[in-house]
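Residues per chain are reported as follows:
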Amino acid sequence: QVQLVESGGGSVKAGGSLRLSCAASGRTFSWAAMGWFRQAPGKEREFVAAVSWGVTKADYADSVKGRFTISRDNVRNTVSLQMNSLNAEDTAVYYCAADVGRRFGSRRPDDYGSWGQGTQVTVSS
């Protein structure tokens, strides 16, 4: 299991930027695909981005492609999500997730066994 703690959420005006970070504990982090998901009120949790073990492959939801960048540091055991050009539709609770043993990140929430507590991102117009 991997313990995950997110940080970096907050409120920002449309067009602004935020950087989310996720600190992971546990030796298995290096062998875990990492993902970011989000959930807006009244909606299902949705995939945002994922990165593979060795940072060789990143995947993005169409809605964030070109605006968000996922990265990971296997020395510091962190994964980050740089979010630029934010708009109101990006408002949600953002969750970091780990899928230990899977090399490439899945888009399905059920494939991830470890989750952080979530961090709120609010974008005002």
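Fair warning: this is a prediction, and the values are worked out from it, not measured in the lab.

Asker: Can you walk me through the pattern of salt bridges in this structure?
Answerer: Where side chains of opposite charge bring their charged atoms close, a pairing between them can arise. Counted according to the given criterion, the structure contains nine salt bridges. Across the pair D111 and R102 runs a salt bridge whose closest N-O atoms are separated by 3.6 Å. The class for R102 is partly exposed, based on a relative accessible area of 33%. Taken together, the shared-partner salt bridges connect R38, E46, R67 and D90 into one network.

Asker: Looking at this structure, I do not really get the sheet that holds strand β3 (residues 18-25). What am I missing?
Answerer: Each strand in a sheet pairs with another by means of backbone hydrogen bonds, the pair being arranged parallel or else antiparallel. Spatial ordering of the open sheet is given by β1-β3-β8-β7, a layout of four strands whose pairing is antiparallel. Two strands close off the open sheet at either side, each with one partner strand: β1 (3-7) and β7 (68-73). Averaged over neighbouring strand pairs, the angle between their axes works out to 15 degrees when direction is ignored. Strand direction decides the pairing type here: β1 and β3, joined by five bridges, are antiparallel. Across the sheet, S7 pairs through a bridge with S21, a residue of β3.

Asker: Whenever I open this one, the nonpolar core confuses me. Can you help?
Answerer: Among soluble globular proteins, nonpolar side chains are generally buried collectively. Ranked by internal contacts, the top residues of the largest apolar core, which has 35 residues, are M34, W36, L81, M83 and Y94. Breaking this core down by element, the ones donating at least two residues are β3, β4 (32-39), β5 (46-51), β7, β8 (78-83), β9 (92-100) and β11 (119-124). Setting aside anything within four residues of it in sequence, one finds M83 in contact with G16, S17, L18, L20, R67, F68, Y94 and V121.

Rules behind the numbers
- Residues numbered from 1 in each chain as written.
- Predicted model: local features only at pLDDT ≥ 70, side-chain atom pairs only at ≥ 80, totals over all residues.
- Heavy atoms only, no water.
- Salt bridge = Lys/Arg side-chain N within 4 Å of Asp/Glu carboxyl O.
- Buried < 20%, exposed > 50% of the residue type's maximum accessible area, 1.4 Å probe, protein only.
- Pairing = 2+ DSSP bridges.
- Helix = DSSP H or I, 4+ residues; strand = E, 2+ residues; numbered from the N terminus.
- Axes fitted to C-alpha atoms, helices over the stretch in contact; angles between N-to-C directions.
- Core = buried A, V, L, I, M, F, W, Y, C linked by side-chain atoms within 4.5 Å.
- Contact = heavy atoms within 4.5 Å.

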